[in-house]
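Below, each chain spelled out in residue letters.
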Amino acid sequence: MSFVITPPRPAAVPVVGGGEFPVTRIYCVGRNYAEHAQEMGFTGREPPFFFLKPADAVLAVADGATGEMDYPPLTKNLHHEIELVVAIGTGGRSIAAADAPKHIWGYAIGLDMTRRDLQGEMKKQGRPWCIGKGFDQSAPIGPVHPITKTGELTRGAITLSVNGAQRQKGDLSELIWNVNETIETLSQAWALQPGDLIFTGTPAGVGAVVSGDVLEGTVAGLGTLRVAIR
Ligand code: MN
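Residues numbered from 1 in each chain as written. Predicted model: local features only at pLDDT ≥ 70, side-chain atom pairs only at ≥ 80, totals over all residues. Heavy atoms only, no water.

Asker: How should the sheet that holds strand 7 (residues 78-80) be read in this particular structure?
Answerer: Spatially, 10-7-16 is the arrangement adopted by the 3 strands of the open sheet, whose pairing is antiparallel. Because the sheet does not close on itself, it has two edges, and the strands there are strand 10 (114-115) and strand 16 (207-209). Strand direction decides the pairing type here: strand 7 and strand 16, joined by 3 bridges, are antiparallel. Along strand 16, the bridge assignment pairs H80 with G207. (Pairing = 2+ DSSP bridges. Helix = DSSP H or I, 4+ residues; strand = E, 2+ residues; numbered from the N terminus.)

Following this line, the structure appears as structure tokens:
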């Protein structure tokens with residue numbers, strides 16, 4: 001194989017303890033905590049739905065480092081959404097929920113950064129969310145922690161603060177569709193691939209950030225993800 005242009009370096013995320021996790025696809029689950037669904041104007045347990053970000057939308061932040069995200073163009077309402085990210089090690093299609101843990105390589109803390117004004121406009125017009133969700137650097141993510149070290153993550157606090165003030169707080173046990181159910185549903189629609197990341201949804205309290213803000217996200221057992229907006 002001889003490429004006619006130089007292929008870009010594959011997107012990747014550092015792994016705690018060494019090495020890098022290569023990123024294939026980035027799936028995101030919408031409205032997966034009840035209180036957040038309510039703040040977005042919805043109620044009830046609707047079936048999970050998904051959108052994607054490009055793999056190279058990751059902004060990989062090494063353990064203990066502060067990621068630097070440029071304030072993106074076209075928006076005046078850049079929102080934070082703190083999320084548990086599941087890293088798929090073994091692909092598959094139509095994976096049963098009970099078998100899902102065998103497909104998980106690890107976990108990370110991620111931010112589903114959102115140009116809320118553009119997403120809202122697209123919703124209103126019935127158009128795709130891509131411009132609101134899938135822009136450059138829209139997926140800041142901390143290092144991947146192997147499941148062999150963390151065990152299965154099913155409960156524990158998930159929080160986000162901006163400049164030291166808490167904005168979002170929830171618990172992984174409050175996910176409407178838990179990680180195993182999400183993998184079951186997602187793998188019916190797409191054959192999951194090694195390297196896929198799944199952003200599992202955000203708890204209530206989403207809001208805007210501006211240049212100069214410092215975001216600190218935590219998930220119990222995964223440390224802290226720190227990102228500064230330039
Ligand atoms: Mn989200």
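Asker: Where do I start with the packing of aromatic side chains in this structure?
Answerer: Aromatic ring pairs are described here by two measures, namely the spacing of the ring centres and the angle between the planes. Counted under the stated rule, the structure contains 5 aromatic pairs. Ring centres 6.0 Å apart and planes at 40° place the aromatic pair F21 and W105 in the tilted group. Here the residue F21 occupies a position in strand 2 (residues 20-22), and W105 occupies one in strand 9 (residues 104-111), the gap between them amounting to 84 residues. Owing to a relative accessible area of 6%, F21 belongs among the buried residues under this scheme. One Lys or Arg, K53, reaches over the ring of F135 and ends 6.0 Å from the middle of that ring. (Phe/Tyr/Trp six-rings, centres within 6.5 Å; stacked < 30°, edge-to-face > 60°. Buried < 20%, exposed > 50% of the residue type's maximum accessible area, 1.4 Å probe, protein only. Lys NZ or Arg CZ within 6 Å of the ring centre and 35° of its normal.)

Asker: Quick question: what am I supposed to make of the pairing of strand 9 here?
Answerer: Consecutive side chains along a regular strand alternate between the two faces of the sheet. With 7 of 8 residues buried, strand 9 is to be regarded as a mostly interior element. Note: strand 8 (residues 82-88) against strand 9, 7 bridges, orientation antiparallel. Across the sheet, V85 pairs through a bridge with A108, a residue of strand 9. As paired strands, strand 9 and strand 12 (residues 145-146) are joined by 2 bridges and run antiparallel to one another. Its bridge partner being in strand 12, Y107 is matched across the sheet by H145.

Nothing here speaks to function; it is geometry throughout.
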